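# Report on the structure
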Amino acid sequence: MSSVQTREVKRSARLQISRGMKTVLAGVIILYVASALLAPTSVSRVAQFGMLPFAACLAIVGLGQTLVIQQGGIDLSVAGAVSLTVVIVTWGPDRHDNRLIPAILAAFAAAIITGFINGLLITKTKLNSIVATLGVNALLYGFMMALSGGSPRRTTDRLAHITNDKIFGLPHSIYLGIICAIVVTILLKRTVFGRRFEAVGANPRAALATGLKVERYQVGGYVGAQILYCIAGVVLGGVISQPTAYQGDDYVLPSVAIVVLGGTSLLGGRGFPAASALAALFLKQLDMFVLSLGVPYGVRTLVISISLMAGIALYAVNWRSVRSKFSPKNKAGSELQPA
Amino acid sequence: MVASVISVAALTIATSVVASSSSSAAGVPSWCGPKKITMGFTDGFGGNSWRLVTTAAVREEIKLCPSVTKLYYADGQGKTDKAISDIKGMVAKGVKALVVFPDAGEAMLPALRSAYKAGVVTIPYRVWAGGTAGKDYTMWVGSDFVNSGRQWGNWIKKNLPNGGNILRISGPAGNSQGADESKGLEEVLGTTGKYKFIGTAPFEPTGWDPGKTQEVLTAAIAKYPKIDVITSDFGPSMVSALDAAAKSGWKVPAIATSDGNVLSCFYNDNKATQPDFKLMTVSTQNDHSRLATQWAVALATGGKTPKAKIFPSNLFEDSVSGKPSPVSCRKDLPGDVYLSAQMSGDLQAKLKTN
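Chains are numbered independently. Their residues run from 1 in the order of the written sequence. For naming, the first written chain is A and the first written ligand is 1, with later ones following in the order written. Side-chain atom pairs in this predicted model are given and counted only at pLDDT of 80 or more, local residue features only at pLDDT of at least 70, and totals for whole chains, interfaces and linings cover all residues. Just so you know, side-chain values use all the structure's heavy atoms and leave hydrogens and water out.

### Overview of the overall build of chain A
Here a helix means four or more residues in a row that DSSP labels H or I, a strand means two or more in a row labelled E, and each is numbered from the N terminus. Within chain A one finds 16 helices and two strands. Each principal axis of the C-alpha distribution contributes one length, and for chain A these read about 80 × 55 × 55 Å. We call a residue buried when its accessible area falls under 20% of the maximum for its residue type, exposed when it is over 50%, and partly exposed in between, using a 1.4 Å probe and counting protein chains only. Residues counted as buried form 50% of the 339 residues belonging to chain A. A contact between two residues is defined here by any heavy atoms of the two lying within 4.5 Å. Of the contacts made within chain A by residues no fewer than 6 positions apart, 77% connect residues no fewer than 24 positions apart. By the counting scheme adopted, Arg and Lys are positive, Glu and Asp are negative, and His together with the chain ends is not counted. A charge is said to be at NZ when it belongs to Lys, at CZ for Arg, at CG for Asp and at CD for Glu. Here chain A contributes 30 positive and 12 negative side-chain charges, whose respective centroids are spaced 11 Å apart.

So this is what it looks like as structure tokens:
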């Protein structure tokens, strides 16, 4: 009887909704209510169908960044990775549908190799993740330029169908975003591998002491991240009919921002992939909201920046210590201090 | 047949300016002087097919002039700091002539000035970088974007005489091209009182990025139930957004923009089902870089300078009048070729590396 009770307690702990998820969910609900009241067109069908595929891409990239941040790193090769994938899957087939699958496979191969390079640079040579991934990012751009001359081609019809065709009225790209979020969440939260992965991120030394092969998990995080960036790149290549060579540039800072908004600590450890994915929706809807408000460009940028700062401050600021500093009790105490 | 008419028309338009100063004695154009030089060409952002064709046009020009022994190319990748260091790198390489696409505008002026002071013939083109010719750079080879705006305005006035709502989109916020086009549009339509400019003034910024264009357009489509005309200086970047909106039941309005095969094909695919969709394009001006190159080479090698200092804005397609060309797509070519360019669509399709 008692053992059954213990099991139940453990299960409920696993199913517990994280603080990050609650915050982001509340943020999304408030944002949608504000959108409906202040800029109703931003929640219209056309606006949502225009925004959601991009939110899906950002969510998939954010899931990858979550894996890296869980290992205490930051991946700045997001830009190069997404851009390279977009170039490979559009420039490679060059309008020929029959060349699409080999191009996608090549993109995944490049992603896996890149993940290993990132991971090995960080684990074996002990390079700082920012330095290592920044260097790899430059390499990826160099490779992309050498390959295509910096000019992707138009999306092939088949790729456009793969990402834009609809099931139950929703484009495939949205389902892909949801599927990726579910798969990563299950992998992290429901498997032994995932629990160990989090343990390694939280405290690599302790994990090593328990006999875990720490470096494997760390390299795995970077490889997994690259695979997710690659999926996002394929989706982006399909969503945008005529992409540019630097399509990934817009994903670096937002990908870190949504991970932080989702509640994953930049110090590593527990990750909240579903919350990261939902934060991507928050960020993209915020874009759509300020666009629909019709305010000048400068004001748009300000509104987005302030919202992000407020969201990140929820985690970054130690509110308890702030409250205690301003509490009357403390003030009274400080007055009693000798001069 | 239509395609060949378009190709001939495009070639005529594109070569009218650049050929006027290209008369050659023994196959060498007059702008190519005797002095041997190396030359640099820097792009603020080189990552799309428009830039690919534009850069290839520079290479074609250089091939005509044996005095240019080497051409260096650098892509700023949309980063101002890289674009600045690219210019400094060109000076360090010892180029005698430098053509610059200063996408970042006035932020590029100090770098241009330092190249000019180092004795390099420095020709910024297309985007206004501020400063003064002869003091900060050798000369600026601009284009008449105000006239592009006027051409769009006149077409709108003719085809929507009862007025309407006009949405304007352009590249980065504050770019001089978009501002000039808006000036031209307002000059023609602003006084009539029938037309209303919707969205932020002077245009909705998109950075000429297809992803951002899609976000901006879908927001505008949702916000404004009645859009009668869209103007844009990079027509092809709108296609994915237009396509997505059309598929969700939106009626594509009249569009005045610059040409691109993907846009023409989108028009052809949709004209039967979209009665309000009329299309007018001005030439997308890939050959502007040829005129800038001719100026740079002529001044650095001692050749004869071209007559034109400004690259003109030329009408290209009109779905209503069919003049100077009807809208026609080349299904056999990629979407990202520009039939208004001097370089043939077939050759553009073969361009893959810089």
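Here the narrative resumes.
### A look at the sheet that holds strand E4 (residues 121-124) of chain B
Within a beta sheet, neighbouring strands are joined by backbone hydrogen bonds and run either parallel or antiparallel to one another. All names here are of chain B. Within the open sheet, the four strands sit side by side as E2-E1-E3-E4. Their pairing is parallel. Pairing within the sheet leaves two strands with one partner each, and these edge strands are strand E2 (68-75) and E4. Each strand of the sheet is rotated relative to its neighbour by a mean of 15°, with strand direction disregarded. Two strands pair when backbone bridges link them, and strand E1 (residues 37-43) and strand E3 (residues 97-101) are joined in this way by five bridges, in the parallel orientation. Bridged to glycine 40 within E3 is leucine 98. Note on method: axes are straight lines fitted to C-alpha atoms, helices fitted across the in-contact stretch only, with angles between N-to-C directions ranging 0 to 180 degrees. Lying on the sheet, helix H4 (residues 109-117) is in contact with E3 and E4; it crosses E4 at an angle near 155°. Pairing between two strands requires that DSSP report at least two bridges joining them.

### Focus on the state of the cysteines
Disulfides are defined in this document as cysteine sulfur pairs within 2.5 Å. Under the criterion given, the structure shown has one disulfide over all chains. Each disulfide pairs two cysteine sulfurs, and for Cys32(B) the partner residue is Cys65(B), the sulfurs being separated by 1.9 Å. For the disulfide bridge between Cys32(B) and Cys65(B), the dihedral angle about the S-S bond is near 75°, and by the sign convention the bridge is right-handed. A residue pair is termed long-range when its members are at least 10 positions apart, and Cys32(B) in the loop between helix H1 (2-18) and E1 and Cys65(B) in the loop between helix H2 (49-63) and E2 qualify at 33 residues. Each member of the pair, Cys32(B) as well as Cys65(B), is classed as buried. The thiol of Cys180(A) is unpaired, and the distance to the nearest cysteine sulfur, on Cys57(A), comes to 10 Å. On the basis of relative accessible area, Cys180(A) is assigned to the buried category, the value being 9%. There is no disulfide at Cys230(A), and the cysteine sulfur nearest it, in Cys180(A), is 11 Å away.

### Examining helix H3 (residues 45-70) of chain A
Residue and element names in this part refer to chain A. The first and last C-alpha atoms of H3 sit 36 Å apart over 26 residues, in line with the 38 Å expected at 1.5 Å per residue. Along H3, the sharpest kink reaches roughly 25°, centred on leucine 52 and followed within four residues by the proline proline 53. Burial analysis of H3 places 25 of its 26 residues in the buried class, which makes it a mostly covered element. Backbone geometry just after H3 places glycine 72 at a positive phi near 75°. Multiplying 1.5 Å by the residue count of a helix minus one yields the expected span of that helix. Two axes enter the definition of the bend at a residue: one is fitted to the seven residues ending there, the other to the seven starting there, and the bend is the angle between them.

### Observations concerning unusual backbone geometry
Residue and element names in this part refer to chain B. Here the bond from alanine 201 into proline 202 is cis, since omega is -5°, no more than 30 degrees from zero. Here proline 202 shows up in the loop between strand E7 (195-198) and strand E8 (204-205). Following lysine 323, the chain continues into proline 324 via a peptide bond in cis, with omega recorded as -5°. Position of proline 324 among the secondary structure elements: in the loop between strand E13 (315-318) and helix H11 (345-350). Phi angles above zero are rare outside glycine, and tryptophan 208 is one such case at about 55°.

### Details of helix H9 (residues 192-202) of chain A
Each turn of an α-helix holds 3.6 residues, which means side chains three or four residues apart point in the same direction. Residue and element names in this part refer to chain A. Of the residues making up H9, those classed as buried are Gly194, Phe197, Glu198, Val200 and Gly201. Viewed end-on, H9 has its buried residues packed into an arc of 160°, placing them on one side of the element. Exposed residues on H9 whose side chains face more than 90 degrees from its buried face are Val192 and Ala202. To obtain the arc, one takes the directions from the helix axis to the C-beta atoms.

### A closer look at the packing of helix H8 (residues 172-189) of chain A against helix H13 (residues 273-293) of chain A
All names here are of chain A. Contact geometry for H8 and H13: axes closest at 8 Å, N-to-C directions at 155°. The orientation of H8 with respect to H13, classified from their angle, is roughly antiparallel. Where H8 approaches H13, its residues Ala181, Val184, Thr185, Leu188 and Lys189 are matched on the opposing element by Pro273, Ala274 and Ala277. Looking at the contact of H8 with H13, its residues break down into six nonpolar, one polar and one charged. Any angle that is under 35 degrees is reported as roughly parallel, and any over 145 degrees as roughly antiparallel; angles of 65 to 115 degrees are reported as roughly perpendicular and all others as oblique. All amino acids are sorted into three groups, where Ala, Val, Leu, Ile, Met, Phe, Trp, Tyr, Cys and Pro are nonpolar, Asp, Glu, Lys and Arg are charged, and the leftover types, Gly among them, are polar.

### Notes on the interface of chain A and chain B
Every contact between the two is made by 41 residues of chain A and, on the other side, 43 residues of chain B. Joining two parts hides part of their accessible area as seen by a 1.4 Å probe, and the buried area is that hidden amount summed over both. Summed over both partners, the interface of chain A with chain B buries about 3400 Å², with 53% contributed by carbon and sulfur atoms. On the chain A side of the contact with chain B, Arg153(A), Gln242(A) and Tyr246(A) bury the most area, a combined 19% of that side's loss. For this analysis, a salt bridge means a side-chain nitrogen from Lys or Arg found within 4 Å of a carboxyl oxygen belonging to Asp or Glu. At the boundary of chain A and chain B, one finds two salt bridges. Two N or O atoms form a polar contact when they lie within 3.5 Å of each other; inside protein one atom must be a possible hydrogen donor and the other a possible acceptor, and for residues adjacent in sequence the pair counts only when both atoms belong to side chains. Linking chain A to chain B there are four residue pairs in polar contact (both at pLDDT 80 or more). Where the side of chain A that touches chain B is concerned, the elements lending two or more residues are H3, helix H6 (129-148), H13 and helix H14 (297-316) of chain A. In terms of residue class, the side of chain A that touches chain B is made up of 19 nonpolar, 13 polar and nine charged.

### A few points about the confidence of the model for chain B
All names here are of chain B. A residue's pLDDT is the predictor's confidence in that residue, given on a scale from 0 to 100. Confidence in the prediction for chain B averages 88 pLDDT; 92% of positions are at 70 or higher. Counting contacts from residues 19-25, a segment whose pLDDT is below 50, to residues more than four positions away or on other chains yields 15 contacts. Taken over the whole predicted complex, pTM reads 0.79, whereas the ipTM for its chain interfaces reads 0.73.

### A look at the pairing of strand E11 (residues 279-282) of chain B
Residues and elements named next belong to chain B. A two-sided burial pattern is seen for E11, the buried positions comprising Leu279 and Thr281 on one face and Met280 and Val282 on the other. In the sheet, strand E10 (residues 254-258) pairs with E11 via four bridges, with the strands oriented parallel. Looking across to E11, one finds that threonine 257 is bridged to threonine 281. Note that the unit made of E10, helix H9 (residues 261-270) and E11 has a crossover that is right-handed. Relative to E13, E11 runs antiparallel, the two being bridged by three bridges. Bridging from a neighbouring strand, valine 282 pairs with leucine 315 of E13. Here a crossover is taken to be right-handed if, once the strands point away from the viewer, the path from the first strand over the helix to the second is traced clockwise.

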